[in-house]
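Close look at the chain arrangement
Each chain is listed here by its residues.
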Amino acid sequence: MEESKKKRNRYGGRAQGNQPSLDGSHDEPMPLPNPMVGFNLPGYLQPSVTRILPKQDTGPPFFYYENVAQAPKGVWATISRFLYDIQPEFVDSKHLCATARKRGYIHNLPIENRSPLLPVPPKTIFEAFPHYKKWWPSWDLRTQLNCLRTNIASAKLTERIGRALASSDSPPARSVQKYVMNECRKGNLVWIGKNKVAPLEPEEMEYLLGFPKDHTRGLGITERYKSLGNTFQVDTVAYHLSVLKVMFPNGVNVLSLFTGIGGGEVALHRLGIHMKAVVSVEIGKANKRIFRGWWDQTQTGTLIEIDDVKSLTDDRIVSFVSRFGGFDLVIGGSPCNNLAGCNRYNRDGLEGEQSALFYHYFRILNAVKSAMARM
DNA sequence: TGTAGCATGAAAACTCAT
DNA sequence: ATGAGTTTTCATGCTACA
């Protein structure tokens, strides 16, 4: 990590620098792009970015890091500083599917010749779920859903909405419309009957996020929502990972940190990239059960499961590197709990209890790099 | 001991006007 | 540039209950 003191072109020289921070901190401004389309997207005639990474950062291994885009001020500047000053790629999944998911990705993958997963997913609510047209009021102008989260709206709230509409004219007064639309947007509610709204089903979330049907089936419904709220949007991640296919025709060895329900692995699988071995670190019992179930049904490679990033010591990393001949991809999104805007209580930034595990991602990635450098 | 229901704002970006 | 209003957000902690 000392080597990073060499002055580099921070953020690839494309930082659209805005106002300097006035609070005396050294935080670099890290404005989110608008539209949030990353370096390039399929079907978008955007100014396609070219970037040249310093040789020591190009790998092997390739790495891929993910977290929420709308983190507290300074967080992304810090993450970027630790991950070799590489500019984050901010992408909102609404440009690839019917639901928003604003995320930042830092990786050292090539960004040319990417290809999207096929079939291309529907981009609007009605294309994804045509049957919702029946009860959708004309004054609800949403065409896409907001971010799928770990909690859903309560039955009490949907009842309140129903009562407000039932005791209103048709169409309802502007004030009622405003109240209803506000709650519908907050809770990602859809119209399932006359004056009746409801949250999405877990199965619908699986579909929007690019997972196979019933991927999370077998858990309690609360656990399903939690796991789905925390995962990757598969089409978005697969678009970035697609460049690996021609580079590794015989398959890849993957170190998967914070695996969750296996969004990264599902993306690789749907791309047709064989996984020779996956070392998966995931602490949640429910997530592990889902991922192991999917792996056993779809994969032939070796799966090694580890409970906690803290127990993945540098010694064990050395031994895995020697056993598998190195890792081709280190992938993971570290916990967002203390970064996410929804958190009322402990949104205390990158040093928060869970989000500080980012530093283990950094430690483990560096241990892999140095072990592979000695191969 | 585990699961589900429920209540609990604020930070930061965005829009749009001046 | 500045500012007011609007929109969005990978959630946590408590309680009831099996």
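All values derive from a computational prediction rather than experimental measurement.

1. Points about the protein's contact with DNA strand B
The environment of DNA strand B is formed by 16 residues, the closest being Lys73, Thr222, Gly341, Arg344 and Tyr345. Taking all atoms of DNA strand B within 4 Å of the protein, the share assigned to sugar and phosphate is 42%. Here Asn34 contributes a side-chain N or O atom positioned 3.4 Å from a phosphate oxygen of DNA strand B. Put simply, the parts of the chain that give the surface near DNA strand B at least two residues each are helix H3 (155-166) and helix H6 (221-229).

2. Structural notes on the sheet that holds strand E8 (residues 302-306)
One open sheet holds the seven strands; their spatial order is E2-E3-E1-E9-E6-E7-E8, and the pairing between them is mixed. Here the strands that pair on one side only, and so sit at the sheet edges, are strand E2 (89-92) and E8. When strand polarity is set aside, the average angle formed by the axes of neighbouring strands in this sheet is 20 degrees. Judged from the five bridges that link them, strand E1 (residues 62-68) and strand E9 (residues 329-333) form a sheet pairing that is parallel. Bridge pairing in E9 links Glu66 to Gly333. On top of the sheet, helix H1 (residues 75-82) reaches E1, E2 and strand E3 (102-107); it is set at about 20 degrees to E3, its chief contact. Strands in contact with helix H11 (residues 314-324) are strand E6 (252-257), strand E7 (275-281) and E8; relative to E8, the strand with the most contacts, it is inclined by about 180 degrees.

3. Digging into the pattern of salt bridges
Counted by the stated rule, this structure contains twelve salt bridges. Across the pair Asp214 and Arg217 runs a salt bridge, and its minimum N-O distance is 3.4 Å. Look at Asp214 and you get partly exposed, because its relative accessible area is 26%. Look at the salt bridges and you will find they share partners, linking Arg292, Asp296 and Glu305 into a network.

4. Re the protein's contact with DNA strand C
For DNA strand C, the set of nearby residues contains 28 residues, the closest of which are Arg103, Thr150, Arg185, Cys336 and Asn337. Counting only the atoms of DNA strand C that lie within 4 Å of the protein, the sugar and phosphate share comes to 67%. With respect to DNA strand C, the backbone of Ser334 contributes an N or O atom lying 3.1 Å from a base nitrogen. In the environment of DNA strand C, a phosphate oxygen lies 2.7 Å from a nitrogen or oxygen atom belonging to the side chain of Asn337. At the level of elements, E1, E3 and helix H4 (174-187) are the ones that each hand at least two residues to the surface near DNA strand C. Ranked by residue count, the leading element in the surface near DNA strand C is H4, at three residues.

5. A few points about the packing of H3 against H4
Across the interface, H3 lies against H4 with an axial gap of 10 Å and an inter-helix angle of 160 degrees. With respect to H4, the element H3 is oriented roughly antiparallel. Viewed along their axes, H3 and H4 form a crossing whose handedness is left-handed. Counted together, Leu157, Arg160, Ile161, Ala164 and Leu165 of H3 and Val176, Tyr179, Val180 and Glu183 of H4 form the full contact between these two elements.

6. Here's the deal with unusual backbone geometry
With omega at 0 degrees, the peptide bond leading from Asn34 into Pro35 counts as cis. A cis amide bond links Ser170 with the next residue in sequence, Pro171, at an omega value of 5 degrees. With respect to the helices, strands and loops of the structure, Pro171 is situated in the loop between H3 and H4. Phi is positive for Asn113, close to 60 degrees, though the residue is something other than glycine. As for its position among the elements, Asn113 is in the loop between E3 and helix H2 (125-128). If you check the backbone angles, Asn195 has positive phi at about 55 degrees while not being a glycine. For Asn195, the location among the structural elements is in the loop between strand E4 (190-193) and strand E5 (196-198).

7. A few points about the environment of Thr124
Within the element layout of this structure, Thr124 appears in the loop between E3 and H2. Thr124 gets classed as partly exposed once you look at its relative accessible area, which sits at 23%. The sequence separation of Thr124 and Asn188 amounts to 64 residues, and the corresponding C-alpha distance is 13 Å. What Thr124 contacts, discounting residues up to four positions off in sequence, is Ala98 and Thr143.

8. Some words on the UniProt feature "domain: SAM-dependent MTase DRM-type" (unreviewed entry) in chain A
What UniProt calls "domain: SAM-dependent MTase DRM-type" (unreviewed entry) maps, in this numbering, to residues 49-375. Secondary structure across residues 49-375 divides into 36% helix and 14% strand, with the first and last C-alpha atoms of the span separated by 33 Å.

9. As for the environment of Val246
Looking at where Val246 falls in the secondary structure, it is placed in helix H8 (residues 244-247). For Val246, a relative accessible area of 72% translates into the label exposed. For Val246 and Ile273, which are 27 residues apart along the polypeptide, the C-alpha to C-alpha distance reads 9.1 Å.

10. Let's talk about the domain arrangement of chain A
As assigned here, chain A comprises domain 1 (2-120 + 210-373) and domain 2 (125-200). Here domain 1 and domain 2 have C-alpha centroids that lie 33 Å from each other. Counting residues at the interface gives twelve residues for domain 1 and eleven residues for domain 2. Interface area, domain 1 with domain 2, both sides summed: about 990 Å², of which 54% is carbon and sulfur. On the domain 1 side of the interface with domain 2, the three residues burying the most area are Ala98, Thr99 and Tyr225, jointly 48% of the side's total. For the pair domain 1 and domain 2, the interface holds zero salt bridges. Scanning the region where domain 1 abuts domain 2 turns up seven residue pairs in polar contact (both at pLDDT 80 or more). With three residues, H6 is the largest single contributor of residues to the side of domain 1 that touches domain 2.

Here is what the cut-offs are and how they apply
Here the residue numbering is sequential within each chain, running from 1 through the sequence in written order. Throughout, the order in which chains and ligands are written sets their labels, letters from A for the former and numbers from 1 for the latter. Restriction of local features to residues with pLDDT of at least 70 applies here, the model being predicted, together with a cutoff of 80 or more for giving and counting side-chain atom pairs; totals for whole chains, interfaces and linings are based on all residues. Calculated side-chain values reflect all of the structure's heavy atoms, with hydrogen atoms and water omitted. Here a residue counts as near a molecule or strand whenever at least one of its heavy atoms sits within 4 Å of it. Whenever two N or O atoms come within 3.5 Å, that pair is a polar contact, provided that in protein one can donate a hydrogen and the other can accept it, and provided that, for residues adjacent in sequence, both atoms are side-chain atoms. Put simply, DSSP H or I for four residues or longer makes a helix, DSSP E for two residues or longer makes a strand, and each gets a number counted from the N terminus. Pairing between strands requires that DSSP locate at least two bridges from one strand to the other. The axes used here are C-alpha line fits, helices contributing only the stretch in contact, and every angle between their N-to-C directions lies in the interval 0 to 180 degrees. We call two residues in contact whenever any of their non-hydrogen atoms come within 4.5 Å of each other. Salt bridge, as used here, is a side-chain nitrogen of Lys or Arg placed within 4 Å of a carboxyl oxygen of Asp or Glu. Categorising residues by exposure relies on relative accessible area from a 1.4 Å probe, with only protein chains included: less than 20% of the type maximum marks a residue as buried, more than 50% marks it as exposed, and the intermediate range marks it as partly exposed. To sort the angles, those under 35 degrees are grouped as roughly parallel, those over 145 as roughly antiparallel, those from 65 to 115 as roughly perpendicular, and the leftovers as oblique. Take the far helix as the reference: if the near one is turned anticlockwise from it by less than a right angle, the crossing is left-handed, and if turned clockwise, right-handed. UniProt positions are given in the numbering used here, feature names are shortened, and annotations may be inferred rather than shown by experiment. Segmentation of the chain into domains, including their bounds, is taken from an automatic or database domain assignment. In this description, buried area is defined as the sum, over both parts, of the accessible area (probe of 1.4 Å) that is lost when the two are combined.

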